[in-house]
Amino acid sequence: MSFYVTTPIYYVNAAPHLGHAYTTIAADVMARHHRQRGEEVFFLTGTDEHGEPVADAAHALGVEPQELADRNAERFRALAPQLHASNDFFIRTTDAQHEATVQRVLELVRENGYVYMGTYEGWYCPRCADFKAEAEIDAGNLCPIHHVQLTREQEDNYFFKLSAFQQRLEALYDEREDFVAPRTRYNEALSFIRSGLRDVPLTRHKLTWGVQVPWDPEHVFYVWFDALLNYYSALSYAGESDRTQTFWPADYHLIGKDILRFHAVYWPALLMAAELELPRHVFVHGFLLMDGEKMSKSLGNVLDPFAVIERYGADALRFYLLRDVPFGQDGSVSTASFELRYESELANELGNLASRTIAMVHRYRDGAVPAAELDPQLDADFAGLREEVEWLIDRAELTGALEVIWQRVRRLNRYVEESAPWQLAKDPGRADELDGVLCTLVGGLRVLGVLLTPYLPVSAERLLAALGAEGRSLDGARWQAAPAGAQPIGQLESLFPKSR
Ligand code: MSP
């Protein structure tokens, strides 16, 4: 089995912020979970470096686009490991191999009859060397960036025959109801298709920052076609050998809701035009909001991921984003709600459960997990949990999966209170009972450690190591007592220290 998951590639016209970290974290949870299943996984992220926004930002700074791209791509590349993201490759659309694939695939699209020369008419800014969308234009036909008068101009461009895919796209949505999720996004994409597809410009004439059109070098490809193809091109050169056979088509493209149309309409049409297989799923997440507004650099309302990581660690950030904002919906984030989750859930619920359990095994049993039966009281909670988590993650329900795991963190906390091992320890006649409780707590925590590994890779690893757990694969999430003669319990430094 193989599994291929992608994030959008990030524009290098700005520095990384929490919105970018969000998709990377989510994709990483899926990648790590599938690796735990023993599957061969490919997890791709990277940067989108061509197009007018990047060219504009570079010119505003007085540097060449390539220079800005080089500078910011490194910041995105560095973000991934800081988030503990385990991406297998980092693609840049200025990679020569990517550019060659874009040219090859789009040449094929043309040979297949889906490209023609047409005229694009719109409002043009001479300073941007670019057309502006109607929605961007200020009153008085001024450029929103340069505040100069726009002129009505025409440009001869190559067009992509999107309209030719009207029926096939409708059929796709008909046959594959899980092509786009959540359902609201599926409906949104389908109604856009049903409203009637129009052909779209495939190339730009007055822009030079892009991949050259092989049959007409005066043109570059419109940035979205170049960008979307990253998902396909990367497989051919990410490793020593071409990985396309193993990983294509992608299992999951994770994207934000603002880029739905490109992924849910243009992308499948482009793949059909190039006779390539379509991805299995596009999952659309919402926006992280601050004070009710989309977080963005230009609004200056960003929760700085680097600052959070420095203070609390990347695991805490990963947990917070997937726990507090239901994956697939918009949600507000704030420092206050972050701190609340950190204290009440990570430190108090999980951290304390782990440290109490480990301390009791040391105090009452010299650090050896007693050979005993698991308490059948917890069977209903733990048997089948692994399958439940798999089912949810198969649907990219990352908040849902974390919730079912967390219910069991709480269940174990209640179990400690109900069974009061400290009372049992006072009565030598109840030693067997105490053995059973300690064995159950360790068994339960091992299951949780394994299932939490994708979310909290560093802390879960520390927990599992301290518990003497051997494997990290999903087999370790089976509800079973530690084998007799299991490794002794180690020491555990506080997982989520409170005084930071
Ligand atoms: N370069 C394109 C994507 C090309 S994919 C073939 C792009 N880049 S972006 O850097 O502007 O955005 C990348 C992703 O970050 C998008 O999925 C976008 O939705 C996401 N986010 C940016 N700000 C966000 C929030 N405030 N909240 C959540 N995600 C948001 O679009």
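About the criteria used
Residues numbered from 1 in each chain as written. Predicted model: local features only at pLDDT ≥ 70, side-chain atom pairs only at ≥ 80, totals over all residues. Heavy atoms only, no water. Near = heavy atom within 4 Å. Polar contact = N/O pair within 3.5 Å; in protein donor to acceptor, adjacent residues only side chain to side chain. Areas by Shrake-Rupley, 256 points an atom, 1.4 Å probe, with all protein chains shown as cover. Helix = DSSP H or I, 4+ residues; strand = E, 2+ residues; numbered from the N terminus. Nonpolar A, V, L, I, M, F, W, Y, C, P; charged D, E, K, R; others polar. Salt bridge = Lys/Arg side-chain N within 4 Å of Asp/Glu carboxyl O. Buried < 20%, exposed > 50% of the residue type's maximum accessible area, 1.4 Å probe, protein only. Core = buried A, V, L, I, M, F, W, Y, C linked by side-chain atoms within 4.5 Å. Contact = heavy atoms within 4.5 Å. Pairing = 2+ DSSP bridges. Phe/Tyr/Trp six-rings, centres within 6.5 Å; stacked < 30°, edge-to-face > 60°.

Asker: Looking at this structure, I do not really get the site of the ligand. What am I missing?
Answerer: Neighbouring the ligand are 25 residues, the closest being I9, D48, G256, D258 and L288. D48 places a polar side-chain atom, nitrogen or oxygen, 2.7 Å from a nitrogen atom of the ligand. For the ligand, the protein covers 94% of the area, taking 660 Å² as the surface of the free molecule. At the level of elements, β1 (2-11), α1 (18-36), α7 (223-228), α8 (230-237) and β11 (252-256) are the ones that each hand at least two residues to the shell around the ligand. Broken down by element, the shell around the ligand gets its largest block of residues, four residues, from β1. Residue classes in the shell around the ligand are distributed as 14 nonpolar, eight polar and three charged.

Asker: Looking at this structure, how should I read the pattern of salt bridges?
Answerer: If charged atoms from side chains of opposite charge come close, those side chains can pair. As enumerated under the stated definition, the model contains 36 salt bridges in all. Taking the shortest distance from any N to any O, the salt bridge between R323 and E345 comes out at 2.8 Å. With R323 in helix α12 (residues 314-324) and E345 in helix α13 (residues 335-365), the pair connects residues that are 22 residues apart, well separated along the chain. Side by side, R323 and E345 carry an identical accessibility label, which is buried.

Asker: Could you clarify how one ought to interpret the nonpolar core in this entry?
Answerer: One recurring pattern in soluble globular proteins is that nonpolar side chains are buried together. Core analysis: the biggest nonpolar cluster contains 93 residues, and L254, L321, L322, V333, L398 and Y455 have the highest contact counts within it. Look past the residues within four positions of Y455 in its chain and what remains in contact with it is V29, D315, R318, L322, I393, L398, A401, L402 and I405. If you look at the next biggest cluster of nonpolar residues, it comprises 63 residues, including L162, L172, F221 and A264.

Asker: What exactly am I supposed to notice about unusual backbone geometry here?
Answerer: A cis amide bond links A181 with the next residue in sequence, P182, at an omega value of -5 degrees. Summarising the element assignment, P182 is placed in the loop between β7 (180-181) and α6 (183-194). Cis geometry is adopted by the peptide bond preceding P249, which originates at W248 and carries an omega value of 5 degrees. Relative to the assigned elements, P249 resides in the loop between α9 (244-247) and β11. Within the chain, E275 stands out as a residue other than glycine whose phi angle is a positive 60 degrees. Mapped onto the fold, E275 is located in the loop between α10 (260-273) and β12 (281-285).

Asker: Would you mind going over the pairing of strand β3 (residues 89-92) with me for this structure?
Answerer: Within a regular strand, the side chains alternate between the two sheet faces. By the alternation rule, side chains of β3 split into F89 and I91 and F90 and R92, which are all buried. Where strand β2 (residues 40-48) meets β3, four bridges bridge the pair, whose relative direction is parallel. Within β3, the residue paired with T47 across the bridge is R92.

Asker: Whenever I open this one, the packing of aromatic side chains confuses me. Can you help?
Answerer: The geometry of an aromatic ring pair is captured by the separation of the ring centres together with the interplanar angle, meaning the angle of the planes. Tallying each qualifying case throughout the model produces 30 aromatic pairs. Ring plane angle 40 degrees and centroid distance 5.4 Å describe the contact between F42 and F247, whose orientation is recorded as tilted. Here the residue F42 occupies a position in strand β2, and F247 occupies one in helix α9, the gap between them amounting to 205 residues. A centroid spacing of 5.9 Å and a plane angle of 20 degrees characterise the contact between F160 and F165, whose relative ring orientation is stacked.

Everything listed here is a matter of geometry and, on its own, says nothing about what the molecule does.
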